[in-house]
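# Results of the structural survey
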Amino acid sequence: MATVPLRDGLILSGVLFALGLVGLLVRRNMIFILMSIEVMLNASGLAFVVAGARWQQPDGQVVFLFILAMAAAEVSVGLALVLELYHQYKSLDVDAASRMKG
Amino acid sequence: MLRLLWLIPAIPFLSALLLAVFGSRFSRMTVAGLGVGSIAGSAVISILTAVAFNGSYTQSLWVWIHVGGFRPEIAFRLDALSLVMTLVVTFVGFLIHLYSAEFMLGDEGYSRFFAYMNLFVACMVTLLLADNLLLLYLGWEGVGLCSYLLIGFWYQDPANGRAGQKAFVVTRVGDTAMAIGLYLIFHSLGTLRIEDVLREAAARWPAGSSYAIAASALLLGGAVGKSAQLPLQTWLPDAMAGPTPTSALIHAATMVTAGVYLIARTHVLFQLAPPVMLAVAIIGAATLLMAGFSALTQDDIKRVLAYSTISQIGYMFLALGVGAWGAAIFHFMTHAFFKALLFLAAGIVIEALHHEHNIFRMGGLRRELPIAFWTFLIGGCALAGLPLVTAGFYSKDLILWSARTSAAGGVELWVAGLAGVVLTSLYTFRLIFLVFFGELRTPVSKRPGWAMRIPVSVLAILAIIGGFIGGSFTRFLATSLPAFPEPAAPGITEAAAGSIAAIAFFLGLAAAWLLYLKHPELSAAMAANATGRALHRFWFADWGMDWLYDRVFVRPLTAITFINRRDAIDSLYNGLARLATLGYRALSWTETGKLRWYAAGIAGGTALFIAIALFL
Amino acid sequence: MMIVFYLAGAVAIISTVMMLTRTNAVHALLYLIVSLLAVAVVFYTLGAPFVAALEVIIYAGAIMVLFVFVVMLLNLGEQVTQTERAWLHSSGWLGPAVLGGVLAAELIYVLVRGIRVDYPQAVVDPRQVGASLFGTYLVGVELASFLLLAGLVAAYHLGWRKAERSENR
């Protein structure tokens, strides 16, 4: 079986991360922002797995598991907050919550 | 006994401090007791040290500054000159303090007054007893401060504050010149201790060297400012805004003679610079004439006496300029007696007429206030120089004789002095005739108590007998000041010169009697015609010097400050503050409160740092 | 195996781009799920079948489903889709695109310049991962469980508040 070059795996991770970042900065809908965060988390987990595959150690996958656990906790709390904000501001516009201005 | 020397300034300092801090809590009696008692203590100690005096004595208290080779001490030096002047200052000061215990009784700033007066005496004595020029300068500045405080004593009236300010600023010009002179002396001679300065200057500076001329000219600048001589005499007439005891003490007997003391003290420097000595004599002669003319036209009793003071100090400067050091100090002593007497008697008159100052509204007080009349008459005669009886005659005569016979002097200075005698006699008797003779214009409301009568009586006695010690006085002073050289071949004898001076006195007396007593309509007519009016206005305004200074100095400065009213330097600092505010506003503009903006900031920063790590 | 990797990678990227540009939230979520599945395939090609399975089960299966539930709960109507379209058409794309591009370029630059390692391919199977989890990383597992508990409590608490308020209304 031909090996997957390390470089290409990391490039894929980097590109996905950058796309997630762009999505975070562009979209104003809070749900989309959370989705972009998920994309970024996923991309960083991919980087770990690639690294773990390079050393043939399970450590990369273990870290990915932790990332997964963290993402789950974060999403649940985050979505609860989104619901709270939606009830407060009656819209999902993240720019509406800008009382810290100035 | 000589070891008590330091108490002479210390007791008044302490008293001033106590009165300043606790004065408002003391009763009038306590304040007066403390204020007068401290000066009495100083006077007693100076008399004791005089008795124990045995040649020059220096008492060093501690080292004030010690930086490199600069080591001035707090040290007091007692020699014939400082002893004489300290005795006069403390004794006359005591009498004036006693007088003001009653004079200022109705004033609510009683303790403040005594605190200032005590501080003044302390600073004056420090000045006189100082062993080095720096300590002298300390006393110099101290008396200037007290003068300012006391002129503006009744600060509720802004005119008094302005008068005090004027005095301070004008003397400051002189003080600055003096400070530069001190720097020059230190730079060239390496010391400020007076004995050492005089010794080193005599050794190192050739006669007529530019150092000597510069140093003595600068010191002369300081003396001119403090002693109200030409061109810095404009402050003294306005200083009469202060209480009468202040005018008596500061602006007649003591502070204004500090310049005379300075020149006498540093006489070696002046002797090394003949052009400057000539300048001193010319300044003295010019001032005595100018002030005499101005005194002739004044209508405020205190202003007449102020111009008279300026004129008499002109005599002292004249004496110093021709090298008659002893004569100058002799005249200082007699002047202290009769000028203080005149001011105190004038104070009695002013108080009695309920603060009336205009002599044309006084009159006929001869019978109403006999003590004021007789003491004022004695003082006036001493001032004008009534022959043989009064002290003023002897001292002024000595000066005139020295001017006539000195190598540097000559006939011109003598004639100027004689003209001064005529003027002095004229304005003095004008004053006496207008105030005490004629009909009563303002009724008398208050008569003086014993605290005011005793000082004027004592001073009157001194004004008479003070002149008899003339010969031994100058001999005593010759132990510390150079004696005036006996003239080789004088043109006229001393007796003849004295008679001519006496004739001048009677000339003035007769003119005053004629114009103001016998035929007052003559003086009124002289004042009414065109030239008379113009001259009157000119001399009344002090030969237009106030107007001149206003145009030359005050207005351009005010114009410049008006142009700079936004203050360029302040704008710099304000600009810095505004810059900070701008920075704050700029940075707070970046806090939009929007989540995506902050995320973009983080991302941008990360990209930047990675780029720096990669490429730099 | 190589071609599968590149294909899956391409799918992941394309579906992420598609996700970012949708106006309808549910559509975007579905694209996201596709992206996650593609990444799972990538994991498999890298020799990590355990996490491939985890990715599908937990990430795509639980987390994304949670997202879908919440979106459905919010019941965003057509009007929101219109607003989204309006927001997407603004000039807001340029800056972030530049930023993301710069970041990606830097990463790629580093990678292209540096690494040229070839390594032997081997599969790290679930047994190894399990042994590691219950051995070396035991504390980490416990901490992860704490985290999940905390998340659970927080989500419950936040949700309970909302419920109480909606009851009062």
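Up top is the structure these notes are about.
Every value quoted in this text rests on a predicted model; they were computed, and no experiment measured them.

Definitions and limits used
Residues numbered from 1 in each chain as written. Chains lettered and ligands numbered in written order. Predicted model: local features only at pLDDT ≥ 70, side-chain atom pairs only at ≥ 80, totals over all residues. Heavy atoms only, no water. Buried < 20%, exposed > 50% of the residue type's maximum accessible area, 1.4 Å probe, protein only. Helix = DSSP H or I, 4+ residues; strand = E, 2+ residues; numbered from the N terminus. Pairing = 2+ DSSP bridges. 1 Å grid on protein atoms, 1.4 Å probe; cavity = no way out; pocket = protein on both sides within 12 Å on 5 of 7 lines; lining within 4 Å. Points joined across faces, edges and corners; volume = space filled by probe spheres on them. Nonpolar A, V, L, I, M, F, W, Y, C, P; charged D, E, K, R; others polar. Axes fitted to C-alpha atoms, helices over the stretch in contact; angles between N-to-C directions. Parallel < 35°, antiparallel > 145°, perpendicular 65-115°, else oblique. Left-handed = near helix turned anticlockwise from the far one by under 90°. Contact = heavy atoms within 4.5 Å. Phe/Tyr/Trp six-rings, centres within 6.5 Å; stacked < 30°, edge-to-face > 60°. Lys NZ or Arg CZ within 6 Å of the ring centre and 35° of its normal.

## Some points on the pairing of strand β2 (residues 73–78) of chain B
Residues and elements named next belong to chain B. Within β2, six of the six residues are buried, which leaves it mostly tucked inside the rest of the structure. Every second residue of β2 is oriented toward a common face, with Glu73, Ala75 and Arg77 on one face and Ile74, Phe76 and Leu78 on the other, all of them buried. Pairing between strand β1 (residues 57–63) and β2: six bridges, direction antiparallel. If you follow Tyr57 over to β2, its bridge partner there is Leu78.

## Notes on empty space enclosed by the protein
All names here are of chain B. All told, the structure shown has three cavities of 30 Å³ or more when counted by the stated rule. In this model, the largest cavity occupies a volume close to 50 Å³. Lining of the largest cavity is provided by Ala384, Gly385, Phe393, Lys396, Asp397, Leu400, Val421 and Ala501. Among the elements that line the lining of the largest cavity, the one with the most residues is helix α18 (residues 391–405), at four residues. Of the residues assigned to the lining of the largest cavity, the class counts are five nonpolar, one polar and two charged. In this structure, the second largest cavity occupies an estimated 40 Å³ of space.

## Notes on the layout of surface pockets
Residue and element names in this part refer to chain B. Within this model, the largest pocket holds a volume of roughly 690 Å³. Lining of the largest pocket is provided by 25 residues; of these, Arg430, Tyr516, Ser523, Ala524 and Ala527 occupy positions nearest its centre. If you list the elements that add at least two residues to the lining of the largest pocket, you get α13 (274–297), α19 (411–436), α22 (494–518), α23 (520–528) and α24 (530–540). With five residues, α23 is the single largest residue contributor to the lining of the largest pocket. When its residues are assigned to classes, the lining of the largest pocket shows 16 nonpolar, six polar and three charged. Lining the second largest pocket are 16 residues, and of these Val169, Val170, Tyr549, Phe553 and Val554 lie nearest its centre. Looking at the lining of the second largest pocket, the elements with two or more residues in it are α6 (158–189) and α25 (545–563). When residues of the lining of the second largest pocket are assigned to their parent elements, the largest contribution, seven residues, is made by α25. The residue makeup of the lining of the second largest pocket, split by class, is nine nonpolar, three polar and four charged.

## Side note on the packing of α6(B) against helix α8 (residues 210–226) of chain B
Residue and element names in this part refer to chain B. Where α6 meets α8, the axes come as close as 7 Å, and the angle between the chain directions of the two elements is 150 degrees. Classified by the angle between their axes, α6 and α8 sit roughly antiparallel to one another. For α6 against α8, the interelement crossing comes out left-handed. Contact with α6, carried on its side by Thr171, Gly174, Asp175, Ala177, Met178, Ile180, Gly181, Leu182, Leu184, Ile185, His187 and Ser188, involves Tyr211, Ala214, Ala215, Leu218, Leu219, Gly221, Gly222, Gly225 and Lys226 of α8 and no other residues of that element. Looking at the contact of α6 with α8 residue by residue, the classes come out as 11 nonpolar, eight polar and two charged.

## With respect to the packing of aromatic side chains
To describe a pair of aromatic rings, one takes the distance between the centres and the angle between the planes. Counting across every chain of the model gives 30 aromatic pairs over all chains. Here Phe64(A) and Phe43(C) contribute two aromatic rings whose centre-to-centre distance is 5.0 Å and whose plane-to-plane angle is 75 degrees, an arrangement assigned as edge-to-face. Separated into two different chains, Phe64(A) in helix α3 (residues 59–89) and Phe43(C) in helix α2 (residues 25–45) make up a pair that spans both. Both residues of the pair, Phe64(A) and Phe43(C), count as buried. Counting every residue linked through ring pairs, the aromatic cluster contains Phe373(B), Trp374(B), Phe376(B), Phe429(B), Phe433(B), Phe436(B), Phe437(B), Phe505(B) and Phe506(B). A cation over a ring is seen here: Arg54(A) above Trp55(A), with NZ or CZ 4.0 Å from the ring centre.

Fair warning: the whole summary comes from geometry, so function is off the table for now.
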